[in-house]
Amino acid sequence: MKNRRLLWHLFPANLLITLGAVLVLSWFGATSVRDFYYDEMRRGLESRGRIIEQHIADLLLASPVALQNYCKQAGRKAATRITVVSAAGDVLADSNEDPAKMENHAGRSEIRSAMDGRIGSSTRFSPTLGENMLYVAIPLYREDRLIGALRVSVSTVSLDNVLQSIRLRVLAVCFLVLLAAAILTLFVSRRISRPLEQMKHEAEQMAREEKMKIMSVDYGSVSTEVASLAVALNRMAKIINERMRIITLQRRELETVFAGMTEMIMAVDNEKRILRINRSAAALFYLSPDDVQGKLLHGVIRNKDLHEIVDRVIAAGSQAKNDIVLHVGPDKVHLHTNAVPLQDENRNPIGVLIVMNDTTQLHKLSNLRRDFVANVSHELKTPVTSIQGYVETLLDGALEHREDARRFLEIIAKQSSRLDAIINDLLMLSRIERKDGHDYFQLALEPLKPVLESAVMTCQPQAEEKGIAIDVDCPEELKARINHNLLEQAVMNLLKNAVMYSPAKSRIKVSSRLSTSAGTKRVTISVEDQGTGIAAEHLDRLFERFYRCDKGRSKELGGTGLGLSIVKHIAMAHGGSVSVKSSPGQGSVFTISLPGNVDSR
């Protein structure tokens, strides 16, 4: 499309703005005048009706003939049409027409309002009189009983003529204002555009003749912005040379940093051709950075997981993270891979940047830790169970009501129960992390509401002790691929925490929803409480094993410190995640997010 001069950008735009402002003000003024006059007419008609309202009501019940005669006489004297309508909508009297020939008026808007006990009004064309009329209807009562409606009306022809005359005068004034505005706008637009055209001319001379100075305009006759632009353009040539030198230096520094990073970094374009690869990544795959540049990724690196991450980022245009395993000879190399889209200066996607961190040693340590927890838990299970058995025997009466001994034994029983709970939680974590047993982790398409209700039922006694109400909000038809027992355990752990840290007489809400974001479906299960809340510094570590925000209070309330860690691993076993939003004194919202293989039918 052909570019236009600045003058023809400024002049039409300013003229249109002026035109719009004048039209809006004219419309507003004309509308306000019209509304004012019509409101005055309505109030006048209402006053006339109020004057004869009582007499009409008396005649309506006394004599239809007298009512008709009175309406004709009063209508002629007041130059107003008077109509009396029964409660059923039948016309009983009219000052201008034979009521027997008039149709039922129950459907008229003003009559409907009057029958509802309100004063109604409307403006419309009257086919009987052949002109626009303003109607006002007043309800008629006798001993608090609605017996009909009194309608008074007048022609609006004279008012419309007056308003039309006002409109014509307003339009004439608008035309004169627009003409003056057009002349003034043209003058101002030319004053603004002329120095810019001069700057353009001299800039073209600089491009042809390599002049260092662009403008020689009269700075006193131009605006501050134009003068500043001229000064800035005069400095541009020097600044560009300096910037180019800095860019070259920074590029060399970035290349040095890129080559020396210990993280493995690789960049590919949208066709999956290798753009850059640093020395660490090249050494991992036994490649030469210079030899692989420009080659296809699948021809150089054969790893399905890595290719899937690249394809996902190219398709979705968003960040993707995953842990992949490479088989390098007899060893396995675990890599935490983070892929982000590469963009050009216009934020258009041009490829993918892949950053890989070697987490092999961390995986080995994690496996050792899991094995240690599982072994210690199994070793402690047998003696703890024996202790509980002896304590229960003693509490059944073996010590012949020795109160002090009973009190000590109750403490032992409580602590042994706590140890047993810790061991059970550790065993559950071990099973979830190692995924022992296909049946234990089998997923099936099931409705979510029974799972939530079952978890609530389990926690209900504890909640009732504190007077806490638990609300469940989940559509009956919402389903997901879940393991019923595991998901119920996760929700139950969240509910127990919510009840534990919520004040008495508060409420807890358990809800589940299906949402779609960027074409991906997710099922969320949220547990919202009104408890003490959690400080921001604890949120990142909240799902670690045995991590406690308030160690003293947690011991007092009796938690094992493993409940939230179990929730996290159950969510991960479903291919999902768990998150928390909380602040001190504002309660907490824990949310389990499940993948999108759901069905809501």
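One structure accompanies this document, and this report is about it. Given the structure is predicted, the values throughout are model-derived calculations rather than measurements.

Considerations on the side chain of Ser582
Summarising the element assignment, Ser582 is placed in strand E16 (residues 577-582). In terms of polar contacts, Ser582 uses its side chain to reach the backbone amide nitrogen of Ile534, at 2.8 Å. Of the polar contacts made by the side chain of Ser582, one reaches the side chain of Ser588; its length is 2.7 Å. Apart from residues no more than four positions distant in its own chain, Ser582 is found in contact with Gly533, Ile534, Leu539, Gly587 and Ser588.

A closer look at the packing of aromatic side chains
For the coordinates displayed, the defined rule picks out one aromatic pair. Ring centres of Phe543 and Phe590 lie 6.3 Å apart, and the angle between their planes is 80°; this geometry places the pair in the edge-to-face category. Separated by 47 residues along the polypeptide, Phe543 in the loop between helix H14 (536-539) and helix H15 (551-557) and Phe590 in strand E17 (residues 588-594) bring together distant segments of the chain. This pair shows no difference in class: Phe543 is buried, exactly as Phe590 is. Above the face of the Tyr135 ring, Arg124 is positioned so that its terminal group lies 4.4 Å from the ring centre.

Overview of the sheet that holds E17
With respect to topology, five strands assemble into an open sheet ordered E12-E14-E15-E17-E16, the strand pairing being mixed. At either end of the open sheet lies a strand with only one pairing partner, and these are strand E12 (469-473) and E16. Pairs of neighbouring strands in the sheet enclose a mean axial angle of 20°, with direction left out of account. In the sheet, strand E14 (residues 507-517) pairs with strand E15 (residues 520-528) via nine bridges, with the strands oriented antiparallel.

Things to note about the side chain of Arg151
Summarising the element assignment, Arg151 is placed in strand E5 (residues 145-155). You can call Arg151 buried: its relative accessible area is 2%. Dropping the residues within four chain positions of it, Arg151 is found in contact with Arg81, Ile82, Thr83, His105, Arg108, Glu110, Ile111, Arg124, Tyr135, Val136 and Ala137.

A short note on helix H13 (residues 484-501)
Compared with an ideal rise of 1.5 Å per residue, which puts 18 residues at 26 Å, H13 spans 26 Å between its outermost C-alpha atoms and is within 8% of the ideal. A large share of H13 lies buried, amounting to 13 of its 18 residues. Measuring from the side-chain oxygen of the N-cap residue of H13 to the backbone nitrogen of Asn485 gives 3.3 Å; that N-cap residue is Asn483.

Quick word on helix H2 (residues 64-78)
A rise of 1.5 Å per residue sets the reference length of H2, with its 15 residues, at 21 Å; its end C-alpha atoms lie 21 Å apart and thus fit the reference within 8%. Residues Leu67, Gln68, Cys71, Ala74 and Gly75 constitute the buried set of H2. Buried residues of H2, viewed axially, fall in a sector of 140°; they line one side. Turned more than 90 degrees away from the buried face of H2, the exposed residues are Val65, Arg76 and Lys77.

Details of the pairing of strand E9 (residues 331-343)
Note that E9 and strand E10 (residues 349-358) share nine bridges and pair antiparallel. Paired with His336 across the strands is Asn357, a residue of E10. Counted along the chain from E9 to the antiparallel partner E10, the turn is five residues long, and its residue Arg347 has a positive phi close to 60°.

As for the pattern of salt bridges
Under the counting rule described, the total for this entry stands at 13 salt bridges. With a shortest N-O distance of 2.9 Å, Asp39 and Arg42 are connected by a salt bridge. Here the residue Asp39 and the residue Arg42 both occupy positions in helix H1 (residues 7-62), the gap between them amounting to three residues, near one helical turn. Asp39 sits in the partly exposed class, given a relative accessible area of 33%. We note a salt bridge from Lys449 to Glu476, for which the minimum N-O separation is 2.9 Å. Of the two residues, Lys449 is situated in helix H12 (residues 449-465) and Glu476 in the loop between E12 and strand E13 (479-482); the sequence distance between them amounts to 27 residues.

Some details on the sheet that holds strand E3 (residues 120-126)
Taking strand neighbours across the sheet as the criterion, the five strands line up as E2-E1-E5-E4-E3 in an open arrangement whose pairing is antiparallel. Every other strand in the sheet has two partners, leaving strand E2 (91-94) and E3 as the edge strands with one partner each. Each strand of the sheet is rotated relative to its neighbour by a mean of 25°, with strand direction disregarded. The pairing of strand E1 (residues 81-86) with E2 spans three bridges and is classified as antiparallel. When the sheet's bridge partners are listed, Val84 is paired in E2 with Ala93. H2 rests against E1 and E2 of the sheet, and its axis sits at about 40° to E2.

Each value, and the rule that gives it
Residues numbered from 1 in each chain as written. Predicted model: local features only at pLDDT ≥ 70, side-chain atom pairs only at ≥ 80, totals over all residues. Heavy atoms only, no water. Helix = DSSP H or I, 4+ residues; strand = E, 2+ residues; numbered from the N terminus. Polar contact = N/O pair within 3.5 Å; in protein donor to acceptor, adjacent residues only side chain to side chain. Contact = heavy atoms within 4.5 Å. Phe/Tyr/Trp six-rings, centres within 6.5 Å; stacked < 30°, edge-to-face > 60°. Buried < 20%, exposed > 50% of the residue type's maximum accessible area, 1.4 Å probe, protein only. Lys NZ or Arg CZ within 6 Å of the ring centre and 35° of its normal. Pairing = 2+ DSSP bridges. Axes fitted to C-alpha atoms, helices over the stretch in contact; angles between N-to-C directions. Expected span 1.5 Å × (residues − 1). Arc of directions from axis to C-beta. Salt bridge = Lys/Arg side-chain N within 4 Å of Asp/Glu carboxyl O.

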